[in-house]
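Each chain is listed here by its residues.
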Amino acid sequence: MRESMGKYRGKRVDGKGWAKTAIPPKRDRMMPDTVEDMKRKIDKRLMSFAADGRFPAADDAFWRGWADELFMEPYRGNPCIVCERTHSRKTITNKKSGKSSVVEYRSGFHHLIPKNGCIIHRYTKRNGAVLCPWHHTDSPKLSPHYEHSAMANHRFWLLIMERDRDLYDWVVDHEKDTFESFGMKRCWTYRDALIYQYHKSFRELPNVKPKAIEAARKWQSFFAKGE
Ligand SMILES: [Zn+2]
C-alpha cells in the first residue's frame, strides 16, 4: 500500500527541486543517530548540571525526553508497517520565522495506547507499531494521528487487526489501564526511567518498587563515575 508523496514529490516547498535520486540521509537532522551518541549527550548535560551543583527535579522533562529517546531509538529507521519505507519527508514550520522546510525523518515507534494518557504503557515494547512520519501523522488515507479524518485513524486500526490480531486484542484488553493510570501514584520517576533505559537498554520499565530502587542505585553509581 505505497502512497505517493502528493504535492511534495519532486519539489521542495521553497521551490528548489529535489535531487533526482534522493538518497536517504544517514540520520535525522534533529535526532541523534545512535544510542552511544545519545549517551554522550546525556553525559555532557549531566556533567554541566554537576558543575552547577543543580540537577533537574526527578520528573523533569529532561529525564522524560531522554528516557523516551533511548526507548524509541531501536525502532527508528525500521520499515513502516504500511509502506515499508524507513524514512519519509515531513514539512516543518519554523515557529519564529514562519518559514516551512521539508526534512527527511526516520520511521519511529507509535504508541498504540497513547503515552500521554497512560503512564503504565509508555515504556512497554508491545504497545507499539513502527510507522514512517507520513503514516504516523500526515496521510489522509491511513494514519493514527491524522486529525482531519476519523477514517484515516480507523484504517490504521483495521490494518493492526488484520496483521496482528493478538496485538489488537492486547490493546483492547489493556486500554482500561489508561483510566487506571489517571491519578495513579507512580513508584518511579522519569529520572528512574532514564537510568533504566540508559543501563538496561530496550527493556520495559517494570511498574514495581524493587526495580525503581534498583534504578536509583544505578543512578548513584553512575554519578560516582563522574566525580
Ligand atoms: Zn509509511
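Reference entry: report on the structure contained in this document. Starting afresh in each chain, residues are numbered from 1 along the sequence in its written order. Restriction of local features to residues with pLDDT of at least 70 applies here, the model being predicted, together with a cutoff of 80 or more for giving and counting side-chain atom pairs; totals for whole chains, interfaces and linings are based on all residues.

Turning our eyes to something else, we now look at the overall build of the protein chain. Regarding its fold elements, the protein chain presents eight helices and four strands. Every helix listed is a DSSP run of H or I at least four residues long, and every strand listed is a run of E at least two residues long, numbered separately from the N terminus. Taken from the N to the C terminus, the helices and strands of the protein chain come in the order α-α-β-β-β-β-α-α-α-α-α-α. Our exposure labels follow a C-beta count within 10 Å of each residue's own C-beta, placed from the backbone: buried means 20 or more other C-beta atoms, exposed means 12 or fewer, and partly exposed covers the counts in between. Each of the 227 residues in the protein chain was classed as buried or not, and the buried ones make up 26%. Contact criterion: two residues are in contact if their C-beta atoms, reconstructed from the backbone, are within 7 Å. In the protein chain, the proportion of contacts linking residues at least 24 apart, taken out of those at least 6 apart, comes to 59%.

A word on the nonpolar core. With 14 residues, the main nonpolar core has Cys-80, Val-82, Ala-129, Val-130, Leu-131 and Cys-132 as its most contacted residues. Counting residues per element, this core draws most heavily on strand 4 (residues 128-131), at three residues. Every residue in contact with Cys-132, bar those within four places of it in the chain, is listed here: Cys-80, Cys-83, Arg-85, His-87, Ser-88 and Ser-107. By size, the runner-up hydrophobic cluster in this structure holds 13 residues, among which are Trp-66, Ala-67, Leu-70 and Tyr-196. Nonpolar core, as used here: buried Ala, Val, Leu, Ile, Met, Phe, Trp, Tyr and Cys residues forming one set through C-beta atoms within 7 Å.

By the secondary structure assignment, Leu-70 is in helix 2 (residues 61-72). The class for Leu-70 is buried, based on 21 C-beta atoms found within 10 Å. Remark: the alpha-carbon pair of Leu-70 and Ala-193, spanning 123 residues in sequence, is separated by 9.9 Å.

Structurally, the position occupied by His-135 is in helix 3 (residues 133-138). Distance from His-135 to Ser-88, taken between C-alpha atoms, is 9.0 Å for residues 47 residues apart in sequence. Every residue in contact with His-135, bar those within four places of it in the chain, is listed here: Cys-80, Val-82, Cys-83, Leu-142 and Ser-143.

Between its first and last C-alpha atoms helix 2 spans 16 Å; for 12 residues at 1.5 Å apiece the expected length is 16 Å, and the two agree. Looking at helix 2, one finds that the buried residues are Trp-63, Trp-66, Ala-67, Asp-68, Leu-70 and Phe-71. Close packing links the buried residues of helix 2 with helix 1 (35-52) and helix 7 (190-199). Helices are assigned an expected span. That span is 1.5 Å times one less than the residue count.

Note: two strands are recorded as paired if DSSP finds a minimum of 2 bridges between them. By the bridge criterion, seven bridges tie strand 1 (residues 87-93) to strand 2 (residues 100-106) in an arrangement that is antiparallel. The residue of strand 2 that forms the bridge with Thr-93 is Ser-100.

Let us now look at helix 7. Summarising burial for helix 7: nine of the 10 residues are buried, a large majority. Those residues of helix 7 not exposed but buried are Tyr-190, Arg-191, Asp-192, Ala-193, Leu-194, Ile-195, Tyr-196, Gln-197 and Tyr-198.

On to unusual backbone geometry, then. Phi is positive for Glu-84, which is not a glycine, with a value near 70°. As for its position among the elements, Glu-84 is in the loop between helix 2 and strand 1. Given 13 C-beta atoms within a 10 Å radius, Glu-84 is considered partly exposed.

Turning our eyes to something else, we now look at the environment of Pro-114. With respect to the element layout, Pro-114 can be found in the loop between strand 3 (108-111) and strand 4. Separated by 14 residues in the primary sequence, Pro-114 and Gly-128 have C-alpha atoms spaced 9.5 Å apart.

All right, on to the packing of helix 2 against helix 7 then. Each axis is a line fitted through C-alpha atoms, and for a helix only the stretch in contact is used; angles between axes span 0 to 180 degrees, taken between their N-to-C directions. Running from N to C, helix 2 and helix 7 point in directions that differ by 30°, and their axes come no closer than 8 Å. Classed by the angle they form, the pair helix 2 and helix 7 counts as roughly parallel. In this structure, helix 2 crosses over helix 7, and the sense of that crossing is left-handed. Taking contact as the criterion, the partners of Trp-63, Arg-64, Trp-66, Ala-67, Leu-70 and Phe-71 in helix 2 are, on helix 7, Tyr-190, Arg-191, Ala-193, Leu-194, Gln-197 and Tyr-198. Only Asp, Glu, Lys and Arg are considered charged, only Ala, Val, Leu, Ile, Met, Phe, Trp, Tyr, Cys and Pro nonpolar, and every remaining residue, Gly among them, polar. Considering only residue class, the contact of helix 2 with helix 7 consists of nine nonpolar, one polar and two charged. Just so you know how the angles are binned, under 35 degrees is roughly parallel, over 145 roughly antiparallel, 65 to 115 roughly perpendicular, and the rest oblique. Should the near helix be turned counterclockwise from the far one by less than a right angle, the crossing is left-handed, whereas a clockwise turn marks it as right-handed.

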